[in-house]
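# Inside the fold
Now for the letters of each chain:
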Amino acid sequence: MIWSEINDGALEFLARAQREGLLASTADLVWARRVYYALIDEALHGNRADQDLDPDQVRKNADALATLIVDTLLRGVGPQG
């Protein structure tokens, strides 16, 4: 039940981003949700060379990680402009 609510909420978030022009009108929202989840997983469990993210660091850096996840999802990692 909870996963159904989480999945629905993620799709609603992505649909809103699409309506507001932040995602392409042709974007596959189910695929975008999978990418979003992968970014979250990487932020929580990824091992960056400059920093080992333990649970306490994740909690302390939650806003920065959330911003990084959404920015990467919406803008990618290429040059902006």
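Since the model is a prediction, treat every value here as computed from it, not as a measurement.

What follows is about the nonpolar core. In globular proteins that are soluble, nonpolar side chains generally tend to be buried together. Ala10, Leu14, Ala15, Ala17, Leu23, Leu29, Ala32, Tyr36, Ala43, Leu65, Ile69 and Leu73 form the largest nonpolar core, which has 12 residues in total. Of all the secondary-structure elements, those providing two or more residues to this core are helix H1 (2-19), helix H2 (29-45) and helix H4 (62-75). Setting aside its immediate chain neighbours within four residues, Ala32 contacts Leu14 and Leu73.

Under the defined criterion, the tally for this structure stands at two salt bridges. Between Arg16 and Glu20 there is a salt bridge, and its shortest N-O distance comes to 3.2 Å. Residue Arg16 shares its accessibility class with Glu20, and that shared class is exposed.

Every α-helix winds through 3.6 residues per turn, so residues three or four apart in the chain are directed the same way. In a regular helix each residue adds 1.5 Å, so 14 residues correspond to 20 Å; H4 covers 19 Å between its end C-alpha atoms and thus fits that length. For H4, every residue scored as buried is listed here: Leu65, Ile69 and Leu73. Angular distribution of buried residues about the axis of H4 spans 65°; they occupy a single face of the element. The exposed residues of H4 that point more than 90 degrees off its buried face are Asp63 and Ala64. In the stretch just after H4, Gly76 is the one whose phi turns positive, near 75°.

Okay, H1 next. Over its 18 residues, H1 extends 26 Å from the first C-alpha to the last, a length consistent with the 26 Å expected when each residue adds 1.5 Å. For H1, the complete set of buried residues consists of Ala10, Leu14, Ala15, Ala17 and Gln18. Relative to the axis of H1, the buried residues are bounded by an arc of 160° and lie together on one face. Residues of H1 that are exposed and point over 90 degrees away from its buried face: Ile2, Glu12, Arg16 and Arg19. The secondary structure elements touched by the buried residues of H1 are H2 and H4.

Quick notes on the rules
- Residues numbered from 1 in each chain as written.
- Predicted model: local features only at pLDDT ≥ 70, side-chain atom pairs only at ≥ 80, totals over all residues.
- Heavy atoms only, no water.
- Core = buried A, V, L, I, M, F, W, Y, C linked by side-chain atoms within 4.5 Å.
- Buried < 20%, exposed > 50% of the residue type's maximum accessible area, 1.4 Å probe, protein only.
- Helix = DSSP H or I, 4+ residues; strand = E, 2+ residues; numbered from the N terminus.
- Contact = heavy atoms within 4.5 Å.
- Salt bridge = Lys/Arg side-chain N within 4 Å of Asp/Glu carboxyl O.
- Expected span 1.5 Å × (residues − 1).
- Arc of directions from axis to C-beta.

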